[in-house]
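If you want the building blocks of each chain, they are given just below.
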Amino acid sequence: MSRHGNDPVPSGIWLDLDEAFRVLEALEDSLLALEEAGLAPGLRDELATVIRLVHDRLGLDEGGLK
């Protein structure tokens, strides 16, 4: 069970900072590709939510560090 209630990301995942940024970049690239193709609006919303969650957990905002 996740430690953040309804959080879909399991709490048991541990990544070093480089790995976390690689995952974040891959998620952002995937979201961009879906947006450009006009595909899967529901999946795009979910990806955007997960990206915001990862940004928050890394202490980032849209422009960089908080």
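Residues numbered from 1 in each chain as written. Predicted model: local features only at pLDDT ≥ 70, side-chain atom pairs only at ≥ 80, totals over all residues. Heavy atoms only, no water.

### Thoughts on the overall build of the protein chain
In step 1: Scanning the protein chain from N- to C-terminus turns up two helices and two strands.
In step 2: The order of α-helices and β-strands along the protein chain, N terminus first, is α-α-β-β.
In step 3: The proportion of buried residues among the 66 residues of the protein chain is 21%.
In step 4: Pairs at least 24 apart in sequence give 43% of the contacts found in the protein chain among residues at least 6 apart.
In step 5: Carbon and sulfur atoms provide 57% of the accessible area of the protein chain, an area that totals close to 5000 Å². (Helix = DSSP H or I, 4+ residues; strand = E, 2+ residues; numbered from the N terminus. Buried < 20%, exposed > 50% of the residue type's maximum accessible area, 1.4 Å probe, protein only. Contact = heavy atoms within 4.5 Å. Areas by Shrake-Rupley, 256 points an atom, 1.4 Å probe, with all protein chains shown as cover.)

Shape is all these values report; function is a separate question.
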